[in-house]
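Chain and residue survey
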Amino acid sequence: MFIRKAIIEAVRLLEDGRRRANNEVCKLNELSDINSPKHFKDKSKKWLKFVTQAKAAGRSPEDFHKMGDETGAIILQNYNDILKSCNALDYHDFISYSVKLLTDFPEVFEECQESWKAIVIDEFQDTSAMQYGLLRILASHKRITIVGDEDQSIFSFNGADVCGFDSFRKDFPMYKEVRLNKNYRSTRCIVEAASFLIRNNSKRCKSKDVLTDNSSGSKITIKECCNEEAQCAFVVDKILEITSDGSSAKCSYGNIAVLYRRQVTGKVFQSAFRDRKIPFNIHGVAFYRKKVVRAIIAMLSTTLPGCDDGPFRRVFKACFHLIKRKRRRAFYVMKEAGGAVEWGRRRQGLGEGTRKKEGGWQGRKKQWGEMGNKAGGVIEHIDKVSTVRKCSFISAACDIFSAKISGTFKRSQLTQGRKVLLTLDMISKLVHREQSISAVITSVANMIPQKYLLEQRAVLDVDGSKLLNEDNDLRSVLQYLLDDVSLFLTTVHTVAERCNDNTTEGKGCMTTIKAFIDYISGRERENFRSRKHDNEDSVTITTIHQSKGLEWDTVFIVKANEAEIPLLHEYNGILNESATSLEEERRLLYVAMTRARKKLFMLYVIMDSNWQVLQPSRFLKEIPNHLLEAWDELISACSETTYPQTEQETPRVSVSLRTGSPEKNTMQHVSVDNLFNESSTELSEHENCNSNNFLKRFSAEDRAVISLLFHQWAKKPAFHDPKRLLNKVAFVIDERLRAKKSTHKLFVTYLGRNDSFVICQDALRDLKSCLTSDEAYHFAVSVLKWEQIPAEKRAYLMREKQEHFQKLRIESAMNSSEPTSKQVTSNLTPVNGLTCSSVAKLD
Ligand SMILES: Nc1ncnc2c1ncn2[C@@H]1O[C@H](COP(=O)(O)OP(=O)(O)OP(=O)(O)O)[C@@H](O)[C@H]1O
């Protein structure tokens, strides 16, 4: 967290410096954008990767300076300065300082040599250059064994350096190499397929061919799916089939895994598995490990006799956590306002020196330090006082915060501390007065600073496996907790015991609370123990990175698509198709494939959830056909049986377009494009995607014409390149604009027909002006992809798409008595000159 903050600040300092150097004065309304945390957060993502890699490689700002990367040098320098000024070290510093310690202090080095007489390193391919440097010093006695597989180096984003093997060979020339070429895990078919794939990497030891004595097993199934839903349905059906008693190759749930490149791909599987009652496991936080639930339990625990320091510490942490957040928000607001003040000052001619004196990183750090580190700092200080005075945490806290002034804390912090003590006192009184434990929990929940967390759903996708395997649970966190209380009262804590509580204690519900806390602690312990066992018979859903080192009988690699694996986009959307990143992505697929013992499925989708056309991963083509199950048959089976081709099955919509003047409406036919239109409108409610963003710039009517124009030229082989397509569209616009009319007819030949559409001059100009944008480029790419799909497959997809939006409309109409904007538009359609009707087959 701190690292990210430091990088955000490093980026902010860089931009600040640049603006000052250029003497740029921002407009007031731009300032809030420029200074907004989001602005820096987004930008800092790519720099986080840069700094991690630079530090892992042991590079200094000077190195980047020498390489001519001035920006990189400044960012790294700023980042290092920030850490230094906060007296902080990051993970990479731990290693570099250890190297320094061992080099500068021979006695430390000798002690380490004495302690570690021999060193064994597993997964050596994941070692960074910096780690290797430390290793080299520690292993000066030359008693070192490294185990690794360069083909499985997949953590370069974390600084792992696949060149480590070469460095090792050079630094330990007396090494003895033992090649473990025999694979005991997978069938021959899987081993061969993975080998064929990885052979395409140039940076690897060529002589390394993995063999196996295992049987050849069944071929790899490559499955094309219409969309993610269809992909999920296939996986679910297949799992149910292979786990059923009747299956010839019966497999237990625990022997199956679904692997994907990005976390987000797994979401759809979680809900589908829940619906179909397939047990699965995933890393996550169980309900009683949620911070907010733990805070409530800690607050209750503080009222119990003999409560130790832990719950008190947790309460302080939870309450000061809010202060931190609240203040940080306030800080950003202040920063934004400060930006405006600063702008004002510039206008008034206040000097740089004044600004530096008042602001700068030091000032900001002071403010941030006060805010960000308070919870930790406060608790640390109370701990210190309690150790020195040999008293409990709460006594120390009472002493500290009852003081009117403090040498350590500011007055505002003392006030906050007193508030926490007051809250604890109120809870204690409540527990002694109130007899209903549910009432106490509800009141305590109200005192929790992060109250909003209690309204969130108790069972989220990121929760622990035990909870995820339960049915869809719509209860809030608070309701979940209160239901647990009811369950406890009705099943565990008998009426007699409750009466006993009241008579022995006189009043309050302290004993019940103690019993409840004991009950849930015991249950949690048991859950934790059994979870491990439960997971043994659950399907694993995980990312490829997390699957490293594991193995299953059956593995599904899902969404094996371009832009997924290989995932070559940087955070800033720039395509990084360097050979190095491509080879790392190939290794990633290699790791995924080699997780399978007996059966491997590789699936790809034709369209993503945004209805964007996707291509299968280029890596699939690197696996020879003879290892794939009925690849050709599958494809032809799909096109022959899956895609309907009759007129009735591929309804099309025709839309008449508005002309420049409303009176001169002409009816024109638009085919696929109104669906693009439709999707772009619908998608605005879902996710933004570049190509749809492009169309969204235009009015609904113009979108159809523009889309059609692109499709017309995309069909011609001469314009199969997105840039050429954009140039052609620009050329057509120029021609039209030369005619100097307020409205223009665009002659479009599409689906074998010549049609003309009227579009106004302004829309044409707007279109021309944005043809060089990234969004236009993405749109051109998506149009080209669409046109490359075989006609019958396109017809099928169109039908799917129409059905999808039809379903959405029906659902939204059923959910809302108010008409949606879309419904309003469609009701107004005749007035605007838009009509819809079914027309013939697509192509
Ligand atoms: N000599 C052997 N005889 C039989 N089975 C073996 C032998 N060595 C390993 N195996 C089996 O092969 C599988 C893979 O072994 P292991 O996990 O040690 O390999 P690995 O190189 O660490 O794999 P990876 O790095 O790909 O995860 C395991 O199921 C293991 O039981």
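Residues numbered from 1 in each chain as written. Predicted model: local features only at pLDDT ≥ 70, side-chain atom pairs only at ≥ 80, totals over all residues. Heavy atoms only, no water.

You'll find the protein entered in an unreviewed UniProt entry as DNA 3'-5' helicase, with Sesamum angolense given as the organism. In its Sequence similarities (unreviewed entry) section, the UniProt entry covering the protein states "Belongs to the helicase family. UvrD subfamily." (UniProt positions renumbered as here; feature names shortened; annotations may be inferred.)

**A closer look at the confidence of the model for the protein**
Residues shown with low pLDDT carry predicted positions that ought not to be read at fine detail. Across the protein, the average pLDDT comes to 73, with 67% of residues at 70 or higher. In the predicted structure, residues 461–472 sits below a pLDDT of 50 and forms 46 contacts with residues beyond four places in sequence or in another chain. Under a pLDDT of 50 for its full length, residues 816–843 has, in the predicted model, 47 contacts with residues more than four places off or in other chains. For this predicted complex, the interface confidence score (ipTM) comes to 0.97, while the overall pTM stands at 0.55. (pLDDT = per-residue confidence, 0-100. Contact = heavy atoms within 4.5 Å.)

**Some remarks on the sheet that holds strand β6 (residues 539–543)**
Strand order in the open sheet formed by six strands is β3-β8-β7-β4-β6-β5, with parallel pairing between adjacent strands. Across the chains shown, the open sheet's two edge strands, defined by having one partner strand only, are β3 (221–225) and β5 (280–281). In the packing of helix α11 (residues 228–243) onto the sheet, the strands contacted are β3, β4 (256–260), β6, β7 (552–557) and β8 (596–605), and the crossing angle to β8 comes to about 155°. (Pairing = 2+ DSSP bridges. Helix = DSSP H or I, 4+ residues; strand = E, 2+ residues; numbered from the N terminus. Axes fitted to C-alpha atoms, helices over the stretch in contact; angles between N-to-C directions.)

**A short note on a nonpolar patch on the surface**
A contiguous nonpolar surface patch, about 460 Å² in accessible area, is contributed by Leu89, Tyr91, Phe94 and Tyr97. Along the chain, Phe94 turns up in helix α6 (residues 91–104). (Patch = residues over 30% accessible without salt bridge, like charges linked within 9 Å, V, L, I, M, F, W, Y side chains within 5 Å. Areas by Shrake-Rupley, 256 points an atom, 1.4 Å probe, with all protein chains shown as cover. Salt bridge = Lys/Arg side-chain N within 4 Å of Asp/Glu carboxyl O.)

**Looking at the packing of aromatic side chains**
Under the defined criterion, the tally for this structure stands at 20 aromatic pairs. A centroid spacing of 6.0 Å and a plane angle of 70° characterise the contact between Phe234 and Phe601, whose relative ring orientation is edge-to-face. Of the two residues, Phe234 sits in helix α11 while Phe601 sits in strand β8, which places them 367 residues apart along the sequence. Both residues of the pair, Phe234 and Phe601, count as buried. (Phe/Tyr/Trp six-rings, centres within 6.5 Å; stacked < 30°, edge-to-face > 60°. Buried < 20%, exposed > 50% of the residue type's maximum accessible area, 1.4 Å probe, protein only.)

**Description of the nonpolar core**
By size, the foremost hydrophobic cluster in this structure holds 53 residues, and its most contacted members are Phe316, Ile382, Phe401, Ile513 and Phe516. For this core, the secondary structure elements donating two or more residues are α13 (291–301), α14 (309–348), α17 (374–389), α18 (393–402), α19 (411–433), α20 (437–447), α23 (477–492) and α25 (510–535). The element best represented in this core is α13, accounting for eight residues. Ala560, Leu568, Tyr590 and Leu628 belong to the second largest nonpolar core, which has 38 residues in total. (Core = buried A, V, L, I, M, F, W, Y, C linked by side-chain atoms within 4.5 Å.)

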